[in-house]
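Overview (structure and organization)
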Amino acid sequence: MTINETKEEEQTRVSKIAQKIDNKIAQTTENLEKAHTETHNIYRNYGENIKVNTFEVDDKMETNASVQQQKQLVTLAVENENILESNKQQLENLQGSPYFGRIDVVEDNEEDTLYIGTSTLQDDDGEFLIYDWRAPISGIYYNGILGKVSYSTPNGKAEVDLKKKRQFQIINNKIRTMFDTNETVGDEILQSVLSEYSDEYMKNIVATIQHEQNTIIRDTHSDVLLVQGVAGSGKTSAILQRVAYLLYHSRSTLDADKIVLFSPNRLFSNYISEVLPSLGERNMRQVTLNEFISFRLTGIQVETLFDRYEKDERNLPQTTIDIRLFKESADFLTTLEQTEKENKEHTLYFEDIIFEGKPFFTKEEISEIYNRQNTAFSIPDRFLKTKNILIKQLKRRIHNDRDEDWVQAEIDNLNDEDFQQIITDNNIEESTNQRSIIAEEFLKERYAPIYNALINNYFFDPYKEYVFLLTNMNQDIVSNKVWQTMIESIDQNVEAHKLGLSDAIAILYLRDFITDSGTNHNIQHIFIDEIQDYTMAQLKYISHSFPNAKMTLLGDRAQDVLTSSYRNKDVIDAICELYQGKKVTTINLNQSYRSTAEITDFAKSLLPNAKEVKSFSRKGEIPSIKVFDDETDYYMGLKQTARELTDKYETVAILTRNQAQAEQVYTHFGDESLVTLVDADFRSVPKGILVMPIYLAKGLEFDAVIGHDISAANYPDSRSRDTLYTICTRAMHNLTLCVEKVPSPLLEHTKITN
Ligand SMILES: Nc1ncnc2c1ncn2[C@@H]1O[C@H](COP(=O)(O)OP(=O)(O)OP(=O)(O)O)[C@@H](O)[C@H]1O
């Protein structure tokens, strides 16, 4: 058969499948409408039943049964609707481009042809028209070369003879490109995908997943999967496809709510938000480190890494660096715990529990209870015993108070509805002491804030305890005087309800240790992108918080924008050390996909170990360095460059070292409507010219990037290298570096100088 005949045959199949998808969508839409009406009717019915029956107390038993039944009906109907909705979404995702791959295999002497797409499609008779890319057999599309290959199935390894691997690019149900290959995914289609312009949202890469990326996506056995990937190597993409893969493979035990992604900022969260829906999956939970901490330390303003970066001087004093490195290490948390254990006789710092403006339990009472506990017990045990005694005392108080006149008077004052509510809520049966039971329940509600305070350990003051431990810690990092000054500044910060990032983590860890709390056993997977921004203390705390979670950690040691000015240890080595004893798999991604070969080659020549980065063979313009003699010329040139680039590209980002520089650049543009100054509160990036500090552009990409003022004054030495490298690697198609006066010495070894 000639190539044209083959293409024609494949096109006929595409058209046939497209028709089937359309029919199925129409059918599902109709079923969905029916299901919706059904749910609506059940809801209405449910509402009416509740209204009628809960009025009369005697009907309660009957009502309960009926309500339960109605509830089940509602749940079933909603579930049914959700399934149909998700089916429809999957079908819609197949519309226009039903599949991207075909494999011909021989298994047990039987020939089979399989087509691979973003989800499964079956004919009415159960025949598979499209296989989901995550199905076990689809793995050989990404990994295997022709010949004998194996793939994992739930029953062990299966062997097949892979006879053909065909790739398609199908757009609007027309085959644009199609060819047979022996490679993972041939360059041609990848070239075409990567040449597209940047988008507000990241796209899924299932059609062109590469071998190494596939290993990350399909790993199910590591406790910690650690990926060192060069800029643009598909780390973020791999995270998202991996989430989709895990959801597919553990459908019965895993759902999107049991997966948490720590993302660098809100812009990034929005940027990746469309990938999972495009694969028919719900998004996992997303949180920034600061949101995670602030949620756990309510009422305290925790400094962000961005705030600190903005405040940091160029040359940090050595003592500041030493203290910082110590407090950011995992050892610091261990030392804190150790110091607590060594101070057995010390009374923890307690707080009054205030109720209606007055202390209900005073800190002296609480301390007295704590001190009564045998010091042979561990501190968390003594704390727990204290807490239990306080809860018992509260219960006793409720029991004793129930016959007090003021309580009886309050009950007499209750209106019928509230009175009835207490009876219903607590299943109180009619009896001679019904009134006392009602009084007790009433008091429980009244004293609920006290109970809450006890359950949530509000009677313990972790801030004062932390300061106490720091004061008593054996440290030889800095002189006692410097250490003491550091403690005083924490004290002042706490007074002002503020905390530095490393103090916040240490306090959380300490609080969790003493109160034996803070763990979430439900979460099964934690993903952390931009791992180079995390300290070992933070990772230790996150691991402690999610004890059942497998960790997927991805980053690039060369993009250490926020801590490179003082960090002294390789982040990947430090992580391996932290997780010693766990099953850690380390994967390196060296191939960069984002940028043209010219941009990647330029960017990597900034690095000492440039060989680690491999550029992708996509041709483009050579990066340019524009040098201007004075400030006036500089800003004129910068503006001119940006305007020229917007004629050609949709998004042009001017990336600066910090927010102040971004604001300065923005001011020079005056009120040009094409220009947007992006700050940390932005949730999405518009098209046009964007001005922003580099740390907000982490993980993002733009058609064209202009590096602002890459001069010797602004980027004086190797401590600025990571920042400059990160700026350059955000560019997909065009990179221009503008310099006022003398270029940065970092540019000396780059491939071009003009
Ligand atoms: N296999 C692939 N097929 C198609 N596109 C890919 C592939 N891998 C990566 N890309 C594209 O390359 C670009 C960079 O990918 P991604 O953002 O995931 O890389 P990264 O390693 O997280 O980058 P960085 O660390 O620089 O932020 C994206 O546009 C992504 O779609």
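- An unreviewed UniProt entry annotates the protein as DNA 3'-5' helicase of Companilactobacillus allii.

Notes on the overall build of the protein
- A tally of helices and strands in the protein yields 27 helices and 23 strands.
- Out of the 754 residues in the protein, the part that is buried amounts to 52%.
- Residue pairs in contact within the protein that sit at least 24 positions apart in sequence constitute 73% of those at least 6 positions apart.
- Approximately 35700 Å² of the protein is accessible, and the part contributed by carbon and sulfur atoms is 47%.

Re the UniProt feature "binding site: ATP" (unreviewed entry) in the protein
- Here, UniProt's "binding site: ATP" (unreviewed entry) annotation points to G229, V230, A231, G232, S233, G234, K235 and T236.
- Following the sequence through the fold, G232 ends up in the loop between β8 (224-229) and α6 (235-249).
- Residue G232 is classed as buried on the basis of its relative accessible area of 13%.
- Filtering out sequence-adjacent residues up to four positions away, G232 remains in contact with Q591, S592, Y593 and R594.
- One can find G234 in the loop between β8 and α6.

Concerning the side chain of E81
- Inspection of the secondary structure puts E81 in helix α2 (residues 60-94).
- Despite its burial, E81 pairs with no opposite charge; the closest candidate is K88, at 10 Å N-O.
- Apart from the residues lying within four places of it in its own chain, the contact partners of E81 are L32, A35, H36 and T39.

A look at the packing of aromatic side chains
- Across all of its chains, the model carries 27 aromatic pairs by this definition.
- Aromatic pair Y309 and Y695: ring centres 5.4 Å apart, planes at 80°, arrangement edge-to-face. Taken together, the positions of Y309 in helix α10 (residues 305-311) and Y695 in the loop between β21 (688-693) and β22 (702-707) put the pair 386 residues apart, joining distant regions of the chain. Each member of the pair, Y309 as well as Y695, is classed as buried.
- Through pairs of rings, three or more aromatic residues link up here, namely F350, Y370, F383, F459 and F460.
- The ring of Y141 has K165 lying over it, and the distance from NZ or CZ to the ring centre is 6.0 Å.

Digging into the pattern of salt bridges
- The final tally for this structure, using the stated rule, is 38 salt bridges.
- A salt bridge links E281 to R134, with the nearest nitrogen and oxygen atoms 2.8 Å apart. You can see E281 sitting in the loop between α8 (275-278) and β10 (285-287) and its partner R134 sitting in the loop between β4 (128-132) and α3 (139-143), a full 147 residues away along the chain. You'll find E281 and R134 in the same group, each marked buried.
- Residue K698 pairs with D533 through a salt bridge whose shortest N-O separation is 2.8 Å.

A closer look at the site of the ligand
- Near the ligand there are 22 residues, and of these T208, K235, S237, E701 and R730 occur at the shortest range.
- At 2.8 Å, a side-chain N or O of T236 approaches an oxygen atom of the ligand.
- Surface burial for the ligand is 95%, taken as the share of its 640 Å² of free accessible area covered by protein chains.
- Elements supplying a minimum of two residues to the shell around the ligand: α4 (187-194) and α6.
- Looking at the shell around the ligand element by element, the count peaks at three residues for α6.
- A class-by-class count of the residues in the shell around the ligand yields eight nonpolar, 10 polar and four charged.
- Counting contributing residues, the shell around the ligand receives three or more from each of domain 3 (211-298 + 517-589) and domain 5 (597-747).

Things to note about the confidence of the model for the protein
- Summary statistics for the protein give a mean pLDDT of 89 and a share of 95% for residues scoring 70 or more.
- Under a pLDDT of 50 for its full length, residues 51-60 has, in the predicted model, six contacts with residues more than four places off or in other chains.
- Among the scores for the predicted complex, ipTM is 0.99 and pTM is 0.88.

Regarding a negative patch on the surface
- A contiguous patch of negative charge, built from D416, E417, D418, D425 and E445, is present on the exposed surface.
- Among the elements that make up the negative patch, the one with the highest residue count is helix α16 (residues 416-425) (four residues).
- Note on placement: E445 falls in helix α17 (residues 434-446).
- A relative accessible area of 52% places E445 in the exposed class.

Here we look at the sheet that holds strand β15 (residues 525-528)
- Strand order in the open sheet made by the six strands is β10-β9-β15-β16-β8-β17, with parallel pairing throughout. Looking along the sheet, the strands with just one partner apiece sit at the ends: β10 and β17 (584-589). Here the strands of the sheet are splayed against their neighbours by 15° on average, with no regard to which way each runs.
- In this sheet, strand β16 (residues 550-555) lies alongside β8 in parallel orientation, the contact comprising five bridges. Along β16, the bridge assignment pairs L225 with T552.
- In the packing of α6 onto the sheet, contacts are made with β8, β9 (259-262), β15, β16 and β17, and the angle to β15 comes to roughly 170°.
- Helix α9 (residues 289-296) rests against β9 and β10 of the sheet, and its axis sits at about 90° to β10.

Section: helix α20 (residues 480-495)
- The terminal C-alpha atoms of α20 lie 23 Å apart, and with 16 residues this matches the ideal 22 Å at 1.5 Å per residue to within 8%.
- Along α20, the residues that are buried comprise W483, M486, I487, I490 and V494. Seen along its axis, α20 keeps its buried residues to an arc of 100°; they face one direction. Turned more than 90 degrees off the buried face of α20, the exposed positions are K481, Q492 and E495.

Some words on the side chain of N270
- Tracing the backbone shows N270 in helix α7 (residues 266-271).
- A distance of 3.3 Å separates the side chain of N270 from the backbone oxygen of R683, its partner in a polar contact.
- Those residues in contact with N270 that lie beyond four places of it in its chain are E200, Y201, R683 and S684.

Considering helix α15 (residues 405-412)
- Among the residues of α15, V407, Q408 and I411 are the ones counted as buried. Seen from one end, α15 has its buried residues packed into an arc of 100°, which puts them on one side. Of the residues in α15, the exposed ones pointing more than 90 degrees away from the buried face are D405 and D412.

Description of the pairing of β22
- Counting buried residues in β22 gives six out of six residues, a clear majority hidden from the surface.
- Summarising the sheet, strand β19 (residues 651-656) and β22 pair through four bridges and their orientation is parallel. Across the sheet, the residue bridging to I654 is I706, located in β22.

The rules we used
- For every chain, the first residue of its written sequence is number 1, and the numbers climb from 1 along that sequence.
- In keeping with the model being predicted, local features are shown solely for residues with a pLDDT of at least 70 and side-chain atom pairs are shown and tallied solely at 80 or more, while totals for entire chains, interfaces and linings include all residues.
- For side-chain calculations, the full set of non-hydrogen atoms in the structure is used, while hydrogens and water are omitted.
- Elements are defined by DSSP. Helices are runs of H or I of four residues or more, strands are runs of E of two residues or more, and each kind is numbered from the N terminus.
- Any residue under 20% of the maximum accessible area for its type is buried, any over 50% is exposed, and the rest in between are partly exposed; the area is computed with a 1.4 Å probe on protein chains only.
- Contact definition: two residues touch when any of their heavy atoms are within 4.5 Å.
- We get accessible surface area from the Shrake-Rupley algorithm with a probe of 1.4 Å; when it comes to residues, only the shown protein chains can shield them.
- UniProt positions are given in the numbering used here, feature names are shortened, and annotations may be inferred rather than shown by experiment.
- Note that His is not counted, nor are the chain ends; the positive residues are Lys and Arg, and the negative ones are Asp and Glu.
- Each reported salt bridge corresponds to a side-chain nitrogen of Lys or Arg within 4 Å of a carboxyl oxygen of Asp or Glu.
- Two rings from Phe, Tyr or Trp (for Trp, the six-membered ring) form a pair when their centres sit within 6.5 Å of each other. Planes less than 30 degrees apart are called stacked, planes more than 60 degrees apart edge-to-face, and all others tilted.
- The criterion is that NZ of a Lys, or CZ of an Arg, lies within 6 Å of the ring centre and within 35 degrees of the ring normal, and then a charge sits over that ring.
- A single heavy atom is enough: if one lies within 4 Å of a molecule or strand, its residue is considered near that molecule or strand.
- We define a polar contact as two N or O atoms separated by no more than 3.5 Å, with the added condition that, inside protein, one atom must be a possible hydrogen donor and the other a possible acceptor, whereas residues neighbouring each other in sequence contribute only through side-chain atom pairs.
- Nonpolar residues are Ala, Val, Leu, Ile, Met, Phe, Trp, Tyr, Cys and Pro. Charged residues are Asp, Glu, Lys and Arg, and all others, Gly as well, are polar.
- The source of the domain bounds is an automatic or database domain assignment.
- Confidence of the predictor in every single residue is expressed as pLDDT, which spans 0 to 100.
- Any residue with relative accessible area above 30% and no salt bridge may belong to a patch, with like charges joined within 9 Å and the nonpolar Val, Leu, Ile, Met, Phe, Trp and Tyr side chains within 5 Å.
- A charged residue contributes its charge at one atom only: NZ of Lys, CZ of Arg, CG of Asp or CD of Glu.
- Strand pairing is assigned whenever DSSP identifies at least 2 bridges connecting the two strands.
- Here an angle of 0 to 180 degrees is reported between the N-to-C directions of two axes, which are lines fitted to C-alpha atoms, with helices fitted over the stretch in contact.
- Helices are assigned an expected span. That span is 1.5 Å times one less than the residue count.
- By construction, the arc corresponds to the directions joining the helix axis to the C-beta atoms.

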